[in-house]
Amino acid sequence: MQRRQLIQTAGLTALALSMSLASAQDSNKFKIGLILPMTGQQASTGRQIEAAARLYMAQNGDTVAGKKIELIVKDDVATPDVTKRLAQELIVNDKVNVIAGFGVTPAALAAAPLATQSKTPQVVMAAATSSITEASPYIVRSSFTLPQVSVAMGDWAPKNGVKSVVTLVADYGPGNDAEKFFTERFQLNGGKVVEKLRVPLRNPDFAPFLQKVRDLKPDALFVFVPSGAGAAVMKQFLERGMDKAGIRMIATGDVTDDDQLNDMGDGALGVVTSHHYSAAHPSPTNKKFVEAFQKANPKMRPNFMAVGGYDGMRVIYEALKATKGQGGGDALLAAMKGQIFESPRGPVYIDAQTRDIVQDVYLRKVEKKDGQLYNVEFDVIKGVKDPGKAK
Ligand code: VNL
């Protein structure tokens, strides 16, 4: 046992040594490997994050602490096998200093062991299952967690006339988190969960599920689907006349995603969601961010994925500055922990213990502003830590 451990440790040390020697050749560069779904079902997430990362670089320069920042973008099609191969290639061949991105939970989890073995910081900018940060001590998250935003809805709904609910979630990590944490809090507040429905992540057909919800006739349907899938749910919800049958939709903000919201039509008006970012967040920092983002990307409105990418770049840049360009993986990671700053979403910090982001969570209602649909914030819960780690 001891001997085996010794050999394993020696192997890893050799790997680390060869990597640090190789990276010395590239010592005037600082490379960020950005692994994102640029094609396929989650492509909007990749598009948003890449655009935001490039905006951050345009605004803050591509030389930091004497290092030239190089962004290497790779498309993993949100497929964990591909993520793993790309992370391996980026770490071993390209000798990146940081891996970042990760549009979906399985992708973030697939890269985690490589981050650990090579001591490479892994900045998760999108994926939002609570447990992700526990998959490697080298993970830092700039997005959010589903428990963080779902609990707020479990408090709001019963106080606002919603006594019975059916939950409908995408059947994987973040959906399971949303279902569990919304349900627990809603029931604690006296609400009744009539049924819990799970839809497949890949090419879901919502019709049979919504038919079931119609028959059960709860006060509201609570929904989580990942960014990019919200418009399809909304369309079928309205086509089936669920709202006219007296069933409200409540959801996490993934459903009324700013990337799609404006094309959902007036049927989406009045839908209440809980989330950490709205393009309509009324702060000077956000106004500047949205303006600059839209100037650089005229056909896009930044969504919560863009903000996760933008803030993730901030975390990397500031860690590089703090380590004066000298930092290896461990030093960079240490400099990422505890960062506190004003994000376009509001005030945030990276919890030094959990490496997860602590942030305000808002209740928002879809309203029309200047002829466009927005998630308009009407209440806030300050400084929310991920409740998934509270135990
Ligand atoms: C995840 C969570 C992905 C929330 C999402 O959109 C999202 C995930 C792509 O952890 O897989 O909105």
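Since the model is a prediction, treat every value here as computed from it, not as a measurement.

What counts and what doesn't
- Residues numbered from 1 in each chain as written.
- Predicted model: local features only at pLDDT ≥ 70, side-chain atom pairs only at ≥ 80, totals over all residues.
- Heavy atoms only, no water.
- Helix = DSSP H or I, 4+ residues; strand = E, 2+ residues; numbered from the N terminus.
- Rg over C-alpha atoms; globule rule 2.2 N^0.38 Å.
- Buried < 20%, exposed > 50% of the residue type's maximum accessible area, 1.4 Å probe, protein only.
- Contact = heavy atoms within 4.5 Å.
- Areas by Shrake-Rupley, 256 points an atom, 1.4 Å probe, with all protein chains shown as cover.
- Lys, Arg positive; Asp, Glu negative; His and termini not counted.
- Charge placed at Lys NZ, Arg CZ, Asp CG, Glu CD.
- Axes fitted to C-alpha atoms, helices over the stretch in contact; angles between N-to-C directions.
- Left-handed = near helix turned anticlockwise from the far one by under 90°.
- Nonpolar A, V, L, I, M, F, W, Y, C, P; charged D, E, K, R; others polar.
- Pairing = 2+ DSSP bridges.
- Near = heavy atom within 4 Å.
- Polar contact = N/O pair within 3.5 Å; in protein donor to acceptor, adjacent residues only side chain to side chain.

(A) Here's a closer look at the overall build of the chain. Along the chain, the regular secondary structure elements total 11 helices and 15 strands. Its C-alpha radius of gyration of 21 Å places the chain within 12% of the 21 Å reference for a compact globule of 391 residues. In terms of overall dimensions, the chain has a C-alpha envelope of 65 × 55 × 35 Å along the principal axes. Counting every position in the chain, which comprises 391 residues, the buried fraction comes to 57%. Looking at the chain alone, contacts between residues at least 24 apart form 68% of all its contacts between residues at least 6 apart. For the chain, the computed accessible surface area is about 15900 Å², with 52% contributed by carbon and sulfur atoms. Positive and negative side-chain charges in the chain, numbering 48 and 40 respectively, have mean positions lying 3 Å apart.

(B) Broad picture of the packing of helix H10 (residues 304–322) against helix H11 (residues 329–336). One can describe the packing of H10 onto H11 by two numbers: an axis separation of 8 Å at closest approach and a directional angle of 115 degrees. Considering how the two elements wind past one another, H10 and H11 form a crossing that is right-handed. Every residue of H11 that contacts H10 at Val315, Ile316, Ala319, Leu320 and Ala322 is listed here: Leu332, Ala335 and Met336. Partitioning the contact of H10 with H11 into residue classes produces eight nonpolar, no polar and no charged.

(C) Representation of the sheet that holds strand S6 (residues 139–141) in the model. A sheet is described by the order of its strands in space; here six strands give the open sequence S2-S3-S1-S4-S5-S6, paired in mixed fashion. Every other strand in the sheet has two partners, leaving strand S2 (63–64) and S6 as the edge strands with one partner each. Looking at chain direction, strand S1 (residues 29–36) and strand S3 (residues 67–75) are connected through eight bridges and run parallel. Paired with leucine 36 across the bridge in S3 is aspartate 75.

(D) Representation of the site of the ligand. For the ligand, the set of nearby residues contains 16 residues, the closest of which are Thr105, Ala128, Tyr172, Ser227 and Asp254. Residue threonine 105 places a side-chain N or O atom 2.5 Å away from an oxygen atom belonging to the ligand. Taking tyrosine 172, its side chain carries an N or O atom lying 2.7 Å from an oxygen atom of the ligand. Relative to its free-state accessible area of 320 Å², the ligand is covered by the protein chains to the extent of 100%. Considering only residue class, the shell around the ligand consists of nine nonpolar, six polar and one charged.

(E) Structural view of the pairing of strand S13 (residues 346–350). Where strand S12 (residues 340–343) meets S13, four bridges bridge the pair, whose relative direction is antiparallel. Bridged to phenylalanine 341 within S13 is valine 348. Remark: two residues form the turn of the hairpin made by S12 and S13, two consecutive strands paired antiparallel. Once S13 ends, the chain turns through six residues before running back antiparallel as strand S14 (residues 357–369), passing arginine 355 with a positive phi of about 65 degrees.

Treat this as a map of the structure, not an account of what it does.
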